[in-house]
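Each chain, written out:
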Amino acid sequence: MAESRFPDKYFVSNHMDSSYSIRSAIQRFTFPYLRRCLLLWKLVNSSTPAPFSDMNRELDATFQAMDNMDESSDVLELRGVQELEKMFKIPSVDIVLKDQNIRHLVQRWFHHLFKEFELNRFKWVVHCTRASPFKLMELPHVYQDLLRRYIKQRCPDCNSVLEEPALCLLCGRLCSPTWKPCCRESGCQAHSTACGAGTGVFLMIRRTTILLQRSARQAPWPSPYLDAFGEEDIEMHRGKPLYLNEERYAALNYMVASHGFDRSSKVLRQTTLGAFLL
Ligand SMILES: [Zn+2]
Ligand SMILES: [Zn+2]
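Residue numbers restart at each chain and count upward from 1, following the sequence in its written direction. Lettering of chains starts at A and numbering of ligands starts at 1, both following the order in which they are written. In view of the model being predicted, local features appear only for residues whose pLDDT reaches at least 70, and side-chain atom pairs are presented and counted only at 80 or more, with totals across whole chains, interfaces and linings using the full set of residues. Side-chain numbers here rest on the full set of heavy atoms in the structure, without hydrogens or water.

As named in an unreviewed UniProt entry, the protein chain is E3 ubiquitin-protein ligase, taken from Punica granatum. Quoted straight from UniProt, the Sequence similarities (unreviewed entry) entry for the protein chain says "Belongs to the E3 ubiquitin-protein ligase UBR1-like family." UniProt positions are given in the numbering used here, feature names are shortened, and annotations may be inferred rather than shown by experiment. Here is the UniProt Catalytic activity (unreviewed entry) comment for the protein chain, exactly as written: "S-ubiquitinyl-[E2 ubiquitin-conjugating enzyme]-L-cysteine + [acceptor protein]-L-lysine = [E2 ubiquitin-conjugating enzyme]-L-cysteine + N(6)-ubiquitinyl-[acceptor protein]-L-lysine."

Asks: Pulling in residues and values, what's your account of the coordination of the zinc ion (ligand 2)?
Replies: Sites may look incomplete because water is not among the atoms; the donors themselves are N, O and S atoms within 2.8 Å of the metal, or within 3.2 Å for Na, K and Ca. Looking at the zinc ion (ligand 2), one finds its protein donor set to be Cys155 (SG), Cys158 (SG), Cys182 (SG) and Cys183 (SG), positioned 2.3 to 2.4 Å from the metal centre. Site shape is set this way: if four donors have all angles between 85 and 135 degrees, tetrahedral; if opposite donors are over 155 degrees apart and all others between 65 and 115, square planar for four donors and octahedral for six; otherwise irregular. One can describe the donor arrangement at the zinc ion (ligand 2) as tetrahedral, given that its four donor atoms subtend angles of 105 to 114 degrees at the metal. Each donor residue of the zinc ion (ligand 2) lies on the same chain, and together they follow the pattern C-x2-C-x23-C-C.

Asks: Help me get a handle on the coordination of the zinc ion (ligand 1), residues and values and all.
Replies: For a metal with four donors in a tetrahedral arrangement, the ideal angle between donors is 109.5 degrees, while six donors in an octahedron ideally sit at 90 or 180 degrees. At 2.1 to 2.3 Å from the zinc ion (ligand 1) lie its protein donor atoms, namely Cys168 (SG), Cys171 (SG), His191 (NE2) and Cys195 (SG). Each of the four donor atoms around the zinc ion (ligand 1) contributes to a set of angles spanning 104 to 113 degrees, which defines the coordination as tetrahedral. Read in sequence order, the donor residues for the zinc ion (ligand 1) give the motif C-x2-C-x19-H-x3-C. With Cys171 in the loop between strand 3 (166-168) and strand 4 (174-175) and His191 in helix 8 (residues 188-196), the pair connects residues that are 20 residues apart, well separated along the chain. Given the relative accessible area of 9%, His191 is considered buried. Only runs of H or I of at least four residues qualify as helices and only runs of E of at least two qualify as strands under DSSP, and these elements are numbered from the N terminus. Three labels apply to residues, based on accessible area from a 1.4 Å probe with only protein chains included: buried if under 20% of the type maximum, exposed if over 50%, partly exposed otherwise in between.

See below:
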């Protein structure tokens, strides 16, 4: 087909490794949807006896296996897909790709899209983004690297050097807290409205601690960086190297992902309106 090369021109994805075969690329893209099907299936069947309830134990084992999964591990991810395919009795990708009805249907979609592109109705490239579990931004292992990178950065809005830089852990932008604002647009509250629908998680660069923002409410959260003895060093008075504690960062990630701002007693008992001392 002459048009078969046009997807390369119009579809871009940072989540597609060119070393993957088409087969495993399709499987990887289906993984988040299969997991959602599994959650829905589990939910639908949780209050009434499941039609094939003997699979419940198998389901729980799969959930556990997937929770323990190292997200960077391609092998484990593919194994997870295969488990789910087996559970939902989905034929293998090879069989699906050879199915005449499916091929016919896909060709029709493809021709339709091709026509749209040919008529230039789409003026931009389509980015294919994989649905993935919520995750705060990656942080460097050594705190001093983070400090060097952000301490002198300027506010993207008013261009002034931030006195009290606060790094948004949802998008990586530098903001300023309410008690030392550089400008209105860069305030933590204003940014959390635009970036996280009123929810913000900021790393206070000078203090090393976390500031949680939920609309006008704020709460502190312990630093994810500890020294070699497992101690915090707020404002780095001791000046010893600090290292990212993966467990603490994972706990913060979990609290945010599970909407703990409104439920976690650790957050609620320290919540204040407006500024407070961390
Ligand atoms: Zn942000
Ligand atoms: Zn500013």
